[in-house]
Amino acid sequence: MSSADTEDAVLYEATTSGVAILTFNRPERLNAWGPDLAAGFYAGIDRAEQDPAIRVIVLTGRGRAFCAGAHLGSPASAAGVGGSMERAGQTNLADLVGERPPHFVTTLRKPVIAAVNGSCVGIGLTQALMCDVRFAAAGAKFAAVFARRGLIAEFGISWILPRLTSWAVALDLLLSGRTFLADEAAEFGLVTEVVAPEDLLKRALEYAEDIAAHCSPASMAVIKRQVYGDATGDVVEAASRAEVLLHEAMPRPDVVEGMVSFFEKRPPRFPSLHSSDA
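Definitions and limits used
- Throughout this document, residue positions are counted from 1 along each chain, in the order its sequence is written.
- Local features in this predicted model are restricted to residues of pLDDT 70 or higher, and side-chain atom pairs are both shown and tallied only at a pLDDT of 80 or more, whereas totals for entire chains, interfaces and linings draw on every residue.
- For the side-chain quantities, the full set of heavy atoms in the structure was used; hydrogens and water were omitted.
- UniProt positions are given in the numbering used here, feature names are shortened, and annotations may be inferred rather than shown by experiment.
- Every axis corresponds to a line fitted to the C-alpha atoms, with the helix fit spanning only the stretch in contact, and the corresponding angles, defined between N-to-C directions, vary from 0 to 180 degrees.
- Think of it this way: any DSSP run of H or I at least four residues long counts as a helix, any run of E at least two long counts as a strand, and we number them from the N terminus.
- Angles below 35 degrees are treated as roughly parallel, those above 145 as roughly antiparallel, those between 65 and 115 as roughly perpendicular, and all remaining angles as oblique.
- Handedness of a crossing follows from how the near helix is turned relative to the far one, being left-handed for an anticlockwise turn of less than a right angle and right-handed for a clockwise one.
- Two residues form a contact once any of their heavy atoms are found within 4.5 Å.
- Side-chain classes follow a simple rule in which Ala, Val, Leu, Ile, Met, Phe, Trp, Tyr, Cys and Pro form the nonpolar group, Asp, Glu, Lys and Arg form the charged group, and the remainder, Gly included, forms the polar group.
- The residues that make up patches have over 30% relative accessible area and no salt bridge, and they are joined within 9 Å when like-charged or within 5 Å when they are Val, Leu, Ile, Met, Phe, Trp or Tyr.
- Throughout, the Shrake-Rupley method with a 1.4 Å probe supplies accessible areas, and for residues the shown protein chains are the sole cover considered.
- Whenever Lys or Arg places a side-chain nitrogen within 4 Å of a carboxyl oxygen from Asp or Glu, that contact is recorded as a salt bridge.
- Only protein chains enter the area calculation, which uses a 1.4 Å probe; residues under 20% of their type maximum are buried, those over 50% are exposed, and those in between are partly exposed.
- For a helix, the expected span equals 1.5 Å multiplied by the residue count minus one.
- Within 3.5 Å is the distance limit for a polar contact, defined as a pair of N or O atoms, with the added protein rule that one can donate a hydrogen and the other accept it, and that residues adjacent in sequence qualify only through two side-chain atoms.
- Any two strands between which DSSP finds at least two bridges are classified as paired.
- As used here, the term nonpolar core means buried Ala, Val, Leu, Ile, Met, Phe, Trp, Tyr and Cys residues forming a set that is joined through side-chain atoms within 4.5 Å.
- Think of it this way: a Phe, Tyr or Trp ring, Trp meaning its six-membered ring, pairs with another when their centres are within 6.5 Å, and the plane angle makes it stacked under 30 degrees, edge-to-face over 60, tilted otherwise.
- Two conditions define a charge located above a ring, namely a distance within 6 Å from the ring centre to NZ of Lys or CZ of Arg, and an angle within 35 degrees of the ring normal.

Named according to an unreviewed UniProt entry, the protein is Enoyl-CoA hydratase originating from Mycobacterium decipiens. The annotation that UniProt attaches to the protein under Sequence similarities (unreviewed entry) is "Belongs to the enoyl-CoA hydratase/isomerase family."

Okay, here's the thing in structure tokens:
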């Protein structure tokens, strides 16, 4: 791919309130995932993660879809699918979907908020579920369509989906591959809130700006590491790790500022994260 192919695949905007907005920008193909989108996404995430001024990341899509699955080509490509799939089975998956698995988002130090503006399907659903918090536009369509394409539960969705919902709901959605709307996604616990489409980005930004202004970047970074790390351990291990992390947190200026700002009844002034910070 040339730089012209990738430079506008994902739009990047930084607000003065410390929020980076990444927008999938292939509306003509419903933001279907491909190498161009992957490269633009990684570049935007890295830029936001390394910028001390950015405290929260918001991810959304332009047009009628958030991400409508993998980019499979046009209907005219149907005749060559057999040969394409045979070649794909012998190809490094990174060449098809990008060099990083969707779960890399869980390893970032900064919160990632998904504003699901429309169709959220296949790998697009996996990407959204790996974000830390999700808002959805009313009427947005969701589907884990893998079984309907003869595929398996891809790229960690079999790990994240039962943790966000339940075994029963996860198996229903994965085995049936059925389409469900934003309201049902909220009932399942997959999205925090459903809002009118025209208010979606505004609501997601309100949430992002609130935690950017009032929550310690260092605290949020450690909390993310705790939550995702503890998901694979037991409660004794989690409590023991938390005790160590608490002792490490106490001398940090964030704790002093958090307490003092509370007593002084003013917004906190937490220090930013720098690329050298663990």
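Here the narrative resumes, following the displayed structure.
Student: Even after reading the chapter, I still don't get the packing of helix 5 (residues 123-130) against helix 6 (residues 157-164), so can you show me in this structure?
Tutor: Two quantities define a packed helix pair, namely the angle between the helix axes and the distance between the axes. Two numbers describe how helix 5 lies on helix 6: the axes approach to 10 Å, and their chain directions differ by 55°. Looking at the two axes, helix 5 sits oblique to helix 6. For the crossing formed where helix 5 meets helix 6, the hand is left-handed. For the pair formed by helix 5 and helix 6, the contact residues are L125, T126, L129 and M130 on the first element and I157, I160, L161 and L164 on the second. Considering only residue class, the contact of helix 5 with helix 6 consists of seven nonpolar, one polar and no charged.

Student: Help me understand a nonpolar patch on the surface in this model?
Tutor: There is a patch of nonpolar side chains on the surface, built from W167, L171 and L175 and spanning about 410 Å² of accessible area. Checked against the element boundaries, L175 lands in helix 7 (residues 167-176). L175 gets classed as exposed once you look at its relative accessible area, which sits at 66%.

Student: Would you take a moment to explain helix 10 (residues 217-230) for this structure?
Tutor: Because the α-helix completes a turn every 3.6 residues, residues three or four places apart line up on one side. The terminal C-alpha atoms of helix 10 lie 20 Å apart, and with 14 residues this matches the ideal 20 Å at 1.5 Å per residue to within 8%. Every buried residue belonging to helix 10 is among P217, A218, M220, A221, V222, K224 and Y228, and all of these are buried. The residue sitting at the N-terminus of helix 10 and contributing the capping side-chain oxygen is S216; that oxygen lies 3.3 Å from the backbone nitrogen of A218.

Student: What exactly am I supposed to notice about the pairing of strand 7 (residues 133-137) here?
Tutor: Side-chain direction in a regular strand flips from residue to residue, so the side chains alternate between the two faces of the sheet. Most of strand 7 is tucked away: five of the five residues are buried. Covered by surrounding structure in strand 7 are V133, F135 and A137 together with R134 and A136, the residues of both alternating faces. One ladder, built from four bridges, connects strand 5 (residues 112-116) with strand 7; its direction is parallel. Paired with V116 across the two strands is A136, which belongs to strand 7. Across three bridges, strand 7 lies against strand 10 (residues 193-195) in parallel orientation. Among the inter-strand pairings, F135 is bridged to a residue of strand 10, identified as E193.

Student: I tried to follow the side chain of R266 on my own but got confused; where do I start?
Tutor: Relative to the helices and strands, R266 resides in the segment after helix 12 (253-263). Apart from residues lying up to four places away in sequence, R266 is in contact with E257, V260 and S261.

Student: Would you take a moment to explain the nonpolar core for this structure?
Tutor: Side chains of nonpolar character tend, in soluble globular proteins, to be buried together. Residues F24, W33, F41, F66, F142 and I157 are the most contacted members of the largest nonpolar core, which totals 48 residues. By residue number, the principal contributor to this core is helix 2 (residues 35-50), which donates six residues. By size, the runner-up hydrophobic cluster in this structure holds 17 residues, among which are A115, A137, A212 and M220.

Student: Could you clarify how one ought to interpret the packing of aromatic side chains in this entry?
Tutor: When we look at a pair of aromatic rings, we describe it by the centre distance and by the angle of the planes. Counting across every chain of the model gives ten aromatic pairs. Each ring, one from Y42 and one from F104, has its centre 5.7 Å from the other, and the planes form 75°; the classification is edge-to-face. Taken together, the positions of Y42 in helix 2 and F104 in the loop between helix 4 (93-97) and strand 5 put the pair 62 residues apart, joining distant regions of the chain. Here the aromatic rings of F180 and F188 are separated by 5.9 Å at their centres, their planes lie at 65°, and the arrangement is edge-to-face. Among the aromatic residues, those joined into a cluster by ring pairs are F24, W33, F41, Y42, F66 and F104. We note R100 situated over the ring of F104; from NZ or CZ to the ring centre the distance is 5.1 Å.

Student: Any chance you could explain unusual backbone geometry here in plain terms?
Tutor: In terms of backbone geometry, most residues other than glycine have negative phi values and most peptide bonds are trans. The phi torsion at L30 lies on the positive side, around 60°, for a residue other than glycine. Looking at the secondary structure, you find L30 in the loop between strand 2 (19-24) and helix 2. Relative accessible area serves as the criterion here: at 26%, L30 is assigned to the partly exposed category. In this model, N31 sits at a positive phi of 55°, which is unusual for a non-glycine residue.

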